[in-house]
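Commentary on secondary and tertiary structure
Chain by chain, the residues:
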Amino acid sequence: MSKSRGQTAIEELFILMILVVGAIVIIPNYIENDAKNLAIVNIRDVAKRACDYINMGVIVDDPTHEPLNAIIENSTSEKCYLERIEINEGDMNISVRVKVKFPRNISEAVREFMIRALEERGFKYNGTLIYNGIGIEVEVEG
């Protein structure tokens, strides 16, 4: 009786060990991919918000929206469109190219707005955006 209990305990420990090792192997990859996906979702949302804000035409007096306010002040009925977002992923970095369509070049204002809005969402900025250890380069055309 004692021998079978010992064997059952060893079998249970072996199964538990397999589960723990599996979790150790799978979870870090899942967290890294999840961080990249969250970063991409936030970048897309902030890029879309930039054009939505310009198109709304209502000025909000805060530091985040300040780069876009001059565009609204100098615009009549011009519309901004988010034409495309290109994303290239590396191991620990993401390169993002945002293309906005507007009658004049507003790329610097949109980029500055995006950086400020992403900082409010927990991204760090020191020349390059950082989110959970992932470096993010943002380029805006238009």
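Residues numbered from 1 in each chain as written. Predicted model: local features only at pLDDT ≥ 70, side-chain atom pairs only at ≥ 80, totals over all residues. Heavy atoms only, no water.

Attention now moves to the packing of helix H2 (residues 66-73) against helix H3 (residues 107-120). Between H2 and H3, whose axes approach to 7 Å, the crossing angle comes to 145°. Across the interface between the two elements, Glu66, Pro67, Leu68 and Ile71 from H2 touch Ala109, Val110, Glu112, Phe113 and Arg116 from H3. Within the contact of H2 with H3, the residues separate by chemical class into six nonpolar, no polar and three charged. (Axes fitted to C-alpha atoms, helices over the stretch in contact; angles between N-to-C directions. Helix = DSSP H or I, 4+ residues; strand = E, 2+ residues; numbered from the N terminus. Contact = heavy atoms within 4.5 Å. Nonpolar A, V, L, I, M, F, W, Y, C, P; charged D, E, K, R; others polar.)

It is worth spelling out the nonpolar core at this point. Grouped together as the largest cluster of nonpolar side chains are 34 residues, with contacts concentrated most on Leu68, Ile106, Met114 and Ile136. Among the secondary structure elements, those contributing two or more residues to this core are helix H1 (2-56), H2, strand E2 (93-101), H3, strand E4 (129-131) and strand E5 (134-141). Looking at which element gives the most residues to this core, the answer is H1, with 10 residues. Excluding residues within four positions of it along the chain, Ile136 makes contact with Ala39, Ile43, Ile94, Val96, Phe123, Thr128, Leu129 and Tyr131. (Core = buried A, V, L, I, M, F, W, Y, C linked by side-chain atoms within 4.5 Å. Buried < 20%, exposed > 50% of the residue type's maximum accessible area, 1.4 Å probe, protein only.)

Moving on, we come to the packing of aromatic side chains. As enumerated under the stated definition, the model contains one aromatic pair in all. When the ring of Phe123 is compared with that of Tyr131, the centres are 4.5 Å apart and the planes differ by 25°; the resulting orientation is stacked. A residue is classified by how much of its surface remains accessible, and Tyr131, at 14% relative accessible area, is buried. (Phe/Tyr/Trp six-rings, centres within 6.5 Å; stacked < 30°, edge-to-face > 60°.)

Before going further, it helps to spend a moment on the side chain of Thr64. Here Thr64 is to be found in the loop between H1 and H2. Polar contacts involving the side chain of Thr64 include one to the side chain of Glu120, which spans 2.3 Å. Among all residues touching Thr64, those that are not within four sequence positions of it are Phe113, Arg116, Ala117 and Glu120. (Polar contact = N/O pair within 3.5 Å; in protein donor to acceptor, adjacent residues only side chain to side chain.)

Right, let's get into the state of the cysteines. Scanning the model with the defined rule gives one disulfide in all. Note that Cys51 is cross-linked by a disulfide to Cys80, the S-S spacing being 2.1 Å. Taken together, the residues span a long stretch of sequence, with Cys51 in helix H1 and Cys80 in the loop between H2 and strand E1 (81-89) at a distance of 29 residues. Comparing Cys51 with Cys80 shows no difference in burial state: the two are buried. (Disulfide = S-S within 2.5 Å.)

An ideal rise of 1.5 Å per residue puts 20 Å on 14 residues; H3 measures up with 20 Å between its terminal C-alpha atoms. All of the buried residues along H3 are Ser107, Ala109, Val110, Phe113, Met114, Ile115, Ala117 and Leu118. (Expected span 1.5 Å × (residues − 1).)

It is worth spelling out the confidence of the model for the chain at this point. Of the residues in the chain, 87% have a pLDDT of 70 or more, and the chain-wide mean is 85. The secondary-structure element of the chain with the lowest mean pLDDT is H1, recorded at 77, while H3 shows the highest, at 95. (pLDDT = per-residue confidence, 0-100.)

Let's shift gears to unusual backbone geometry. Positive phi, close to 50°, is recorded for Asn132, a residue that is not glycine. Structurally, Asn132 is set in the loop between E4 and E5.

Summarising the sheet, E2 and E5 pair through seven bridges and their orientation is parallel. Bridging across to E5, Arg97 finds its partner in Glu139. In this sheet, E5 lies alongside E4 in antiparallel orientation, the contact comprising three bridges. Considered in E5, the bridge of Leu129 is made with Ile136. Linking E4 to E5, which pair antiparallel, is a turn of two residues; within it Asn132 sits at a positive phi near 50°. (Pairing = 2+ DSSP bridges.)

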